[in-house]
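So the chains spell out like this:
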Amino acid sequence: MKKKIFDSIKNELKREFVLEKPKELSFGHYATPVAFSLAKEFRKSPIKIAEELAENFEKNSMFEEVNALKGYLNFKLSDAFLDEYTTWALAHEDEYSKDDNSESILLEFVSANPTGPLHIGHARGAVIGDTLCRLGRHLGYKVDSEYYVNDAGNQIYLLGLSIFLAGQEHILKQKVDWPDEYYRGEYIVDLAKRASADFNEDIFKDKKNIEILSDWGKDMMLQLIGENLKDVGIEFDNFVSEKSLYGKWNESFEKLQKNDKTYEKDGKIWIRSSDFGDEKDRVVVRDDGRATYLAGDIIYHDNKYQRDYDKYINIWGADHHGYIARVKAAINFLGYDEKRLEVILAQMVSLLKGGEPYKMSKRSGNFILMSDVVDEIGKDALRFIFLSKKADTHLEFDVDSLKKQDSTNPIFYINYAHARVNQIFEKSGKKLDDIKDIKLDNLSQSAKNLLFSALLLPEVVEDTFTSRQVQRLSDYLVSLASNLHKFYNENRVVGSENEDKYLKIFAMVALSIKTGLKLMGIEAKNKM
RNA sequence: GUCCCGGUAGCUCAGCAGGAUAGAGCACUUGAUUCCUAAUCAAGAGGUCAUGAGUUCGAAUCUCGUCCGGGACACCA
């Protein structure tokens, strides 16, 4: 809708301008401050310029009114235009708010170590990533979602060791000297029990079996993580194993070497990341020949760029921010355009329960499981809370307050609006087909405002995705629901002379809510 | 010490490619059910937009400094 309007105005003004929302809807549906920027050029007051522009603006059927106010040029859309668009949308539910972008995007997110279940911090990146994926696809982008599995390195050994020791303690009933670093938490004991059943308890007798337990434990954890994700409606297109890429190290290394971006010192191989914005050079191969984590990421990004997407988006935890510079440096050194990689950092999540702060630490086993929170407040509320705040602010919320299934829970409020529309249709005994071709004319101001707010979904979706600001969609849905509730309270629908018109507007509101929620991974409810 | 994110109503947060009178939800006060679900709505109260300066027609928004909070600064992943 906005695009059409933009083009139409541009056609008339014949110059660049900014199209925005007026402060108040009563001014108009859209507005432009273009007169302010013209003031200098024409050496006239913006107020005068706006008046002249408004006067000379050639009307078409799209606009009911074009007026000037305090230097702004305001546009009011006509009933006929809104009606035409609504009729089309209701008849083409599947196409509504879609777009035809064609860029390909590789979206990597979660990528949590397969050494334990997902905790609440992972959930934020997971939900945001999944939603961007849904939004992108809706807008026509070719989005592939990917999970990078860190299945090599010390943490996998530690997982095996932890299971091994837990087996000695809980199955073999031996006294165990726990090292400084190991994975705590009940799930390790559960894994030991499971291992004792899958293999047998002898596996805990020989240290040589730690490696077997590492590999087995990693697979079990991946499976568990997959279930955790599925429980909040997330499925990945690809899982890429760090270990499986190690064979390609020589290939990536040769590229770096050819560009003279590595060197040897103290028996180690370093990458010249300080040449490209990093604080200092980094070790990629240790003196004992083992690759570092960064080496793994270099191979992985080489692999990503070989697959040739137009854009790469990584969603990382905020604790990875120092890592961006070195990965971008490596990408550049490999001969690729590092600007095609965009990193979104998801800030910390602090969880409260009854006002008491929780502290999370994966190592200690003292973290809050995502699945526990899902059990408490449900997947929809969890998704909504993460989607209602922008990614780069620290988020604090109290589990207890989200447990409530009442008006303090915004997802409830939105669903109620959707259910309300459904309810009214039932009461009226009419179906969508009965009213979708009704002509919307002579609408009251409030009816027109409601319809207009419902029709904003496409531009909100577009804006939400391109800005990667997921909270814009949820904010919009709350305000749309609010508009519906308000209208409902002020106007009788069933049995009124405007029944059919109002039903059509309500159907449009419901369609926008349903579509918006779906993009957030939430199913709209028809009954509360 | 360096880097990243933040500081807006009592609380949780929007707004920030400069623009019209700074918003929402929660909490608080008051009111609205003979009538489509009151799981809702309306009204009220609540602000030196951390702070100082700069940029200009115009700053919560951009620039610089200061203060406060959180995080990161591995040959761990």
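Bear in mind that the values here come from a model prediction, so they are computed numbers and not experimental data. (Residues numbered from 1 in each chain as written. Chains lettered and ligands numbered in written order. Predicted model: local features only at pLDDT ≥ 70, side-chain atom pairs only at ≥ 80, totals over all residues. Heavy atoms only, no water.)

## Focus: the overall build of chain A
What counts is decided by this rule: We count a stretch as a helix when DSSP gives it H or I for four or more residues in a row; a strand needs E for two or more, and each element gets its number in order from the N terminus. Remark: exposure states derive from per-residue accessible area (1.4 Å probe, protein chains only) relative to the maximum for the residue type, with buried under 20%, exposed over 50%, and partly exposed in between. Note on contacts: a residue pair is in contact if any heavy atoms of the two residues lie within 4.5 Å. Accessibility throughout is a Shrake-Rupley quantity obtained with a 1.4 Å probe, and a residue counts as covered only by protein chains that appear here.
Secondary structure assignment for chain A yields 21 helices and 14 strands. A principal-axis box enclosing the C-alpha atoms of chain A has dimensions of 85 × 55 × 40 Å. Sorting the 528 residues of chain A into buried and exposed places 51% on the buried side. A separation threshold of at least 6 residues defines the contact pool for chain A, and within that pool the share at least 24 residues apart is 73%. Carbon and sulfur atoms make up 46% of the accessible area of chain A, which amounts to about 25300 Å² in all.

## A closer look at the side chain of Ser97
Let me state the cut-off plainly: Two N or O atoms count as a polar contact when they lie within 3.5 Å, although within protein this holds only if one can serve as hydrogen donor and the other as acceptor, and sequence-adjacent residues are included solely when both atoms are side-chain atoms.
If you trace the backbone, Ser97 turns up in the loop between helix 4 (79-91) and strand 4 (104-108). Side chain to side chain, Ser97 and His138 meet in a polar contact 2.6 Å long. Beyond its immediate sequence surroundings of up to four residues, Ser97 is in contact with His138, Leu139, Leu457, Pro458 and Thr515.

## A short note on the pattern of salt bridges
Side chains that carry opposite charge are capable of pairing whenever their charged atoms lie near each other. Operational definition: We count a salt bridge whenever a side-chain nitrogen from Lys or Arg sits within 4 Å of a carboxyl oxygen from Asp or Glu.
A full pass over the atoms with the stated rule returns 31 salt bridges. Across the pair Asp99 and Lys3 runs a salt bridge, and its minimum N-O distance is 2.8 Å. A residue pair is termed long-range when its members are at least 10 positions apart, and Asp99 in the loop between helix 4 and strand 4 and Lys3 in helix 1 (residues 2-13) qualify at 96 residues. Here Lys3 falls in the exposed class, since its relative accessible area comes to 53%.

## What about the sheet that holds strand 4?
Rule in force here: Strand pairing is assigned whenever DSSP detects at least two bridges linking the two strands. Here the axes come from fitting lines to C-alpha atoms, over the contacting stretch only for helices, and the angles between their N-to-C directions go from 0 to 180 degrees.
Pairing within the open sheet is parallel, and its 5 strands lie in the order 6-5-4-10-11. At either end of the open sheet lies a strand with only one pairing partner, and these are strand 6 (238-241) and strand 11 (341-346). If you compare each strand with its neighbour and ignore which way they point, the axes differ by 25 degrees on average. With 5 bridges connecting them, strand 4 and strand 5 (residues 142-149) associate as parallel partners. For Leu107, the partnering residue across the bridge sits in strand 5 and is Ser145. Relative to the sheet, helix 5 (residues 120-138) contacts strand 4, strand 5, strand 10 (311-317) and strand 11, its axis offset from that of strand 5 by approximately 155 degrees.

## Quick notes on the packing of helix 5 against helix 21 (residues 499-519)
Put simply, the rule reads: By definition in this entry, angles of less than 35 degrees are roughly parallel, angles greater than 145 are roughly antiparallel, angles of 65 to 115 are roughly perpendicular, and the rest are oblique. Basically, the charged four are Asp, Glu, Lys and Arg, the nonpolar ten are Ala, Val, Leu, Ile, Met, Phe, Trp, Tyr, Cys and Pro, and anything else, Gly included, counts as polar.
Following both chains from N to C, one finds helix 5 and helix 21 inclined at 125 degrees, their axes separated by 8 Å at the closest point. It follows from the interaxial angle that helix 5 and helix 21 lie oblique. Contacts from Thr131, Arg134, Leu135 and His138 in helix 5 reach Thr515, Lys518 and Leu519 in helix 21. Of the residues contributing to the contact of helix 5 with helix 21, the split by class is 2 nonpolar, 3 polar and 2 charged.

## Comments concerning unusual backbone geometry
Excluding glycine, residues mostly have negative phi values, and the peptide bonds linking residues are mostly trans. Despite not being glycine, Lys70 shows a phi value in the positive range, around 50 degrees. You can see Lys70 is positioned in the loop between strand 2 (63-69) and strand 3 (72-77). Among the residues examined, Lys70 registers a relative accessible area of 68% and is labelled exposed. Located in the positive-phi region is Ser97, a residue other than glycine, with phi close to 70 degrees.

## Things to note about the packing of helix 6 (residues 154-170) against helix 8 (residues 210-231)
At a minimum axis separation of 7 Å, helix 6 and helix 8 run at an interaxial angle of 105 degrees. On the basis of their axis angle, the class for helix 6 and helix 8 is roughly perpendicular. In this structure, helix 6 uses Ile156, Tyr157, Leu159, Gly160, Leu161, Ile163 and Phe164 to contact helix 8, whose residues at the interface are Ile210, Leu213, Ser214, Trp216, Gly217, Lys218 and Met221. Residue classes in the contact of helix 6 with helix 8 are distributed as 10 nonpolar, 3 polar and 1 charged.

## Focus on the pairing of strand 8 (residues 268-271)
Of the strand pairs in this sheet, strand 7 (residues 262-265) and strand 8 are connected by 4 bridges, and their pairing is antiparallel. When the bridges of strand 8 are listed, Tyr263 appears paired with Trp270. Once strand 7 ends, the chain turns through 2 residues before running back antiparallel as strand 8, passing Asp266 with a positive phi of about 55 degrees. Inspection of the sheet shows strand 8 paired to strand 9 (residues 282-285) by 3 bridges, in the antiparallel sense. Note on strand 9: the bridge partner recorded for Trp270 is Val283.

## Details of the environment of Leu77
Following the sequence through the fold, Leu77 ends up in strand 3. The class for Leu77 is buried, based on a relative accessible area of 0%. Linking Leu77 and Gly28, residues 49 residues apart in sequence, is a C-alpha distance of 7.7 Å. Dropping the residues within four chain positions of it, Leu77 is found in contact with Ile5, His29, Tyr30, Met62, Phe63, Glu64, Leu82, Lys448 and Phe452.

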